[in-house]
Amino acid sequence: MTHPTVVREAARVVAIEAARTYVANIRPIDLTNPNVLVGHLMAAETLLMDIVAAHDEPTEGAAA
């Protein structure tokens, strides 16, 4: 499915800003607590997948 370029660019900005906000709000991480580490890794993976998805989807007028 293609989306208008403006919509895709907005999705890209939202995904990148969500990742930047998450990183900016990380406090010192307790490296001795594996649950906290796993939580941060899972959140980072989800944010990265959102960024990739926002850049993978074709825009209107792009070659299919």
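One structure accompanies this document, and this report is about it. (Residues numbered from 1 in each chain as written. Predicted model: local features only at pLDDT ≥ 70, side-chain atom pairs only at ≥ 80, totals over all residues. Heavy atoms only, no water.)

1. Examining the packing of helix α1 (residues 5-24) against helix α2 (residues 34-56)
Taken N-terminus to C-terminus, the directions of α1 and α2 make an angle of 160°; their axes are 8 Å apart at the nearest point. If you check the angle between α1 and α2, you find them roughly antiparallel. Our pair here, α1 against α2, has a crossing hand that is left-handed. Contact residues: Arg-8, Ala-11, Arg-12, Ala-15, Ile-16, Ala-18, Ala-19 and Tyr-22 in α1; Gly-39, His-40, Ala-43, Leu-47, Asp-50, Ile-51, Ala-53, Ala-54 and His-55 in α2. Grouping the constituent residues of the contact of α1 with α2 by class yields eleven nonpolar, three polar and three charged. (Axes fitted to C-alpha atoms, helices over the stretch in contact; angles between N-to-C directions. Helix = DSSP H or I, 4+ residues; strand = E, 2+ residues; numbered from the N terminus. Parallel < 35°, antiparallel > 145°, perpendicular 65-115°, else oblique. Left-handed = near helix turned anticlockwise from the far one by under 90°. Contact = heavy atoms within 4.5 Å. Nonpolar A, V, L, I, M, F, W, Y, C, P; charged D, E, K, R; others polar.)

2. A word on α2
In this model α2 runs 32 Å from its N-terminal to its C-terminal C-alpha over 23 residues, within 8% of the 33 Å that 1.5 Å per residue would give. Those residues of α2 not exposed but buried are Leu-47, Ile-51 and Ala-54. Of the surrounding elements, those touching the buried residues of α2 are α1. Measuring from the backbone nitrogen of Asn-35 back to the side-chain oxygen at the start of α2 gives 3.0 Å, which picks out Asn-33 as the cap. (Expected span 1.5 Å × (residues − 1). Buried < 20%, exposed > 50% of the residue type's maximum accessible area, 1.4 Å probe, protein only. Polar contact = N/O pair within 3.5 Å; in protein donor to acceptor, adjacent residues only side chain to side chain.)

Keep in mind these values describe shape, not function.
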